[in-house]
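This is what each chain is made of:
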Amino acid sequence: MSAAEIDLRFTLNGREVQARVPSHTLLLDLVRERFGLKGSKRSCDMEVCGACTMMLDGNLVSSCTTLAADADGRAVVTVEGLTPAAGLSRVQEALVLHGAVQCGFCTPGFVVAITHLLQQHPNADDEQIRRHLRGNLCRCTGYVKILAAVRSLAGTEPGLQPLAHERT
Ligand code: FES
Ligand code: FES
């Protein structure tokens, strides 16, 4: 092994994985290029937009500025890990039902952040929602529909008719 390479072992969406990578490799590149999970996006590349949001040991991180080395021995969850084999998660479904997905580039990051929010605060109020999602930017929706979707999940606004498929 070259001195500039490191061996990593961690769980990715619940599955044990390992990789040997240059020590400067970013988590976003490791997940996208080595493991082929392209849901997490690169946009600002400077921890501003949230398009690359993942969970690392249950905490939200910007994977564009997180070293892959930081994942060693830990648990990484991406949007793919939050997506059922068939259909949509309840977060994804709420975003679709509320028309909160336009170009969709921000959506994977929002799905991860909203899922994390609801894990922490199942009945989040508006202040908690806004604070939790402050690291996720959307240039299309104006946030109104995203907020409505999250409120419906938090039970502070009536939900819409579910889509005709099994929910998780
Ligand atoms: S691409 Fe990581 S925060 Fe924007
Ligand atoms: S839907 Fe286009 S950036 Fe959010």
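Owing to the predicted nature of the structure, the values given are computational and were not obtained by experimental measurement. (Residues numbered from 1 in each chain as written. Chains lettered and ligands numbered in written order. Predicted model: local features only at pLDDT ≥ 70, side-chain atom pairs only at ≥ 80, totals over all residues.)

1. Quick notes on the overall build of the chain
Note the following rule: Helix and strand definitions here come from DSSP, where helices need a minimum of 4 consecutive H or I residues and strands a minimum of 2 consecutive E residues; each element is numbered from the N-terminal end. Only the C-alpha atoms count toward the radius of gyration. The rule for a globule is 2.2 Å times the residue count to the power 0.38. Counting other C-beta atoms within 10 Å of a residue's own tells you its class, since 20 or more makes it buried, 12 or fewer makes it exposed, and anything in between is partly exposed; those C-beta atoms are placed from the backbone.
Check the secondary structure of the chain and you find 5 helices and 5 strands. From first element to last, N terminus to C terminus, the chain shows the α and β order β-β-α-β-β-β-α-α-α-α. Taking 15 Å as the expected radius of gyration for a compact globule of 168 residues, we find that the chain reaches 16 Å, a close match to that expectation. Along the first, second and third principal axes, the C-alpha set of the chain runs to 55 × 30 × 25 Å. The burial tally for the chain puts 36% of its 168 residues in the buried class.

2. A word on helix H3 (residues 107–120)
Side chains of residues three or four places apart in an α-helix project in the same direction, reflecting 3.6 residues per turn. Heads up, the condition is: Between the first and last residue of a helix there are one fewer steps than residues, each counted as 1.5 Å, and that sum is the expected span. Any two residues are considered in contact once their C-beta atoms, placed from the backbone, lie within 7 Å.
Given a rise of 1.5 Å per residue, 14 residues ought to cover 20 Å, and the 20 Å separating the end C-alpha atoms of H3 matches this to within 8%. Along H3, the residues that are buried comprise Thr 107, Pro 108, Gly 109, Phe 110, Val 111, Val 112, Ala 113, Ile 114, Thr 115, His 116 and Leu 117. Packing partners of the buried residues in H3 comprise strand S3 (53–56), strand S4 (59–62), helix H2 (90–97), helix H4 (126–132) and helix H5 (144–154).

3. Observations concerning the nonpolar core
In plain terms, the rule: We call a set of buried Ala, Val, Leu, Ile, Met, Phe, Trp, Tyr and Cys residues a nonpolar core when their C-beta atoms link them within 7 Å.
Ranked by size, the top nonpolar core spans 42 residues in total, and within it Leu 27, Leu 95 and Ala 149 carry the most contacts. Put simply, the parts of the chain that give this core at least two residues each are strand S1 (5–12), helix H1 (27–34), S3, H2, H3 and H5.

4. Some thoughts on the domain arrangement of the chain
Where interface size is given, it is often the accessible area lost as the parts come together that is meant. Just so we agree on the cut-off: Start and end positions for the domains come from either an automated domain assignment or a database one.
What the domain assignment lists for the chain is domain 1 (5–82) and domain 2 (90–154). Summarising the inter-unit geometry, the C-alpha centres of domain 1 and domain 2 are found 21 Å apart. Examining the composition of the side of domain 1 that touches domain 2, we find that 3 residues originate from one element, S3, more than from any other.

5. Brief notes about unusual backbone geometry
One non-glycine residue, Glu 47, adopts positive backbone phi at about 60 degrees. Residue class for Glu 47 comes out partly exposed when judged on the 14 C-beta atoms lying within 10 Å of it. Residues other than glycine seldom take positive phi values, yet Tyr 143 does so here, at roughly 75 degrees. On the secondary structure map, Tyr 143 appears in the loop between H4 and H5. Exposure remark for Tyr 143: the 16 C-beta atoms within 10 Å place this residue in the partly exposed category.

6. Observations concerning the sheet that holds strand S2 (residues 15–22)
Where strands meet in a sheet, backbone hydrogen bonds hold them as pairs that are either parallel or antiparallel. Note the following rule: Only when DSSP finds a minimum of two bridges between them are two strands counted as paired. Structural elements are reduced to axes, namely lines fitted to C-alpha atoms, with helices fitted over the stretch in contact, and the angle between N-to-C directions of any two is expressed from 0 to 180 degrees.
Spatially, the 5 strands line up as an open sheet ordered S2-S1-S5-S3-S4, and their pairing is mixed. This sheet does not close on itself; its edge strands, each paired only once, are S2 and S4. Each neighbouring strand pair of the sheet contributes to a mean axis angle of 40 degrees, computed without reference to strand direction. The pairing of S1 with S2 spans 8 bridges and is classified as antiparallel. When the sheet's bridge partners are listed, Asp 7 is paired in S2 with Arg 20. This element, H3, spans S3 and S4 of the sheet and lies at about 40 degrees to S3.

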